[in-house]
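Architecture at a glance
This is what each chain is made of:
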Amino acid sequence: MAETIPEKETQCYEVAVQPARPEDAEALAGILTSGVISKVARGDMAWGENPFSTIKALERIAKGNTYISRIGQTPVGTFSIDAEDTLVWGQQPSNAAYVHQLAVNDKYRGMNLGKQLLDLASQEVARMGKTLLRLDVPAENEGLKSYYESQGFTWVENRVVSTGRGDYTAALYERPVI
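Please read these numbers as outputs of a predicted model, since none were measured by experiment.

**Topic: the nonpolar core**
Among the nonpolar cores identified, the biggest contains 27 residues, and Ile71, Phe79, Leu113 and Leu135 are the most heavily contacted of them. Of all the secondary structure elements, the ones that give two or more residues to this core are strand S2 (66–71), strand S3 (74–82), strand S4 (96–104), helix H4 (113–127), strand S5 (132–138) and strand S7 (166–176).

The structure is reproduced here in C-alpha cells:
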C-alpha cells in the first residue's frame, strides 16, 4: 500500500514522540540518512556524507537518549538528547541538556515539524530538571542559524572543535525550556 503524505501546508500536524526502540532502527536510519542528504546538498558536512546504517541506528537506540516522532504510525523525525556535550561546549553547569541530530524525513519537510520536535525536546529536557536546551550548528550555515534563532534560540559563541574529521567551527545556541 502506498504511503499517504499529508499536504504541505502551514497547518501544524500533531506529532507524537517516544524513545526509539530497536524495531525503529530501520526508520531511524532512513530519517537520519534523509538529513545527511539534505545537509550535504546545502554544503553542510557536519554529519558526514555517508548514509546511516541500521547498525549505527541500533547503537544510538541502545544509548537510551534517541527519540522518534510519528504522525499517526508513520515515523517522520528524530532527535537525541544528551545531559552534557563536553566535546563542543566544554565543561558546563548541569542546568542544560543538548539536542543533537534533529532530523525530519525529507518527505515531511515544510510541515512545521522541526518546531514541534524542538518543543518536544524542550519538554523532555524540562522533565530532566534542566532549564536550558542547547545545540550547535556549523558556524557557516547561515540558513540553519537563522532557523534556530527564529525558534527562540540565542547565539552564545562560536567555538572551534576538533573532531575525527578535522576541525569544526560550531555556533553554539541555547534557549530556555518550555
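**Examining the pattern of salt bridges**
Throughout the structure, instances matching the rule amount to 10 salt bridges. Measuring nitrogen to oxygen at the nearest pair gives 2.7 Å for the salt bridge that ties Arg159 to Glu157. Using a relative accessible area of 23% as the deciding quantity, one classes Arg159 as partly exposed. A cluster of three or more residues bridged by salt bridges with shared partners is formed by Lys115, Asp119 and Arg175.

**Regarding the sheet that holds strand S6 (residues 154–163)**
Ordered in space as S1-S2-S3-S4-S5-S7-S6, the 7 strands form an open sheet in which the pairing is mixed. Each having just a single partner strand, strand S1 (16–19) and S6 make up the two edges of the open sheet. Shown here is a sheet whose adjacent strand axes are inclined to one another by a mean of 30°, direction ignored. Relative to the sheet, helix H5 (residues 142–150) contacts S4, S5 and S7, its axis offset from that of S5 by approximately 165°.

**Brief notes about the packing of aromatic side chains**
Taken as a whole and judged by the stated rule, the model has 4 aromatic pairs. Taking 5.1 Å as the distance between ring centres and 20° as the angle between the ring planes, the aromatic pair formed by Tyr67 and Phe79 counts as stacked. Of this pair, Tyr67 sits in strand S2 while Phe79 sits in strand S3, and the two are 12 residues apart along the sequence. Each member of the pair, Tyr67 as well as Phe79, carries the same accessibility label: buried. Taken together, a centroid distance of 5.7 Å and an interplanar angle of 80° make the contact between Tyr148 and Phe153 edge-to-face. This pair shows no difference in class: Tyr148 is buried, exactly as Phe153 is. By way of ring pairs, the aromatic residues Tyr147, Tyr148 and Phe153 are connected into one cluster. Over the ring of Trp47 we find Lys39, and its NZ or CZ is 5.0 Å from the ring centre.

Rules used throughout
Residues numbered from 1 in each chain as written. Predicted model: local features only at pLDDT ≥ 70, side-chain atom pairs only at ≥ 80, totals over all residues. Heavy atoms only, no water. Core = buried A, V, L, I, M, F, W, Y, C linked by side-chain atoms within 4.5 Å. Buried < 20%, exposed > 50% of the residue type's maximum accessible area, 1.4 Å probe, protein only. Helix = DSSP H or I, 4+ residues; strand = E, 2+ residues; numbered from the N terminus. Salt bridge = Lys/Arg side-chain N within 4 Å of Asp/Glu carboxyl O. Pairing = 2+ DSSP bridges. Axes fitted to C-alpha atoms, helices over the stretch in contact; angles between N-to-C directions. Contact = heavy atoms within 4.5 Å. Phe/Tyr/Trp six-rings, centres within 6.5 Å; stacked < 30°, edge-to-face > 60°. Lys NZ or Arg CZ within 6 Å of the ring centre and 35° of its normal.

Keep in mind these values describe shape, not function.
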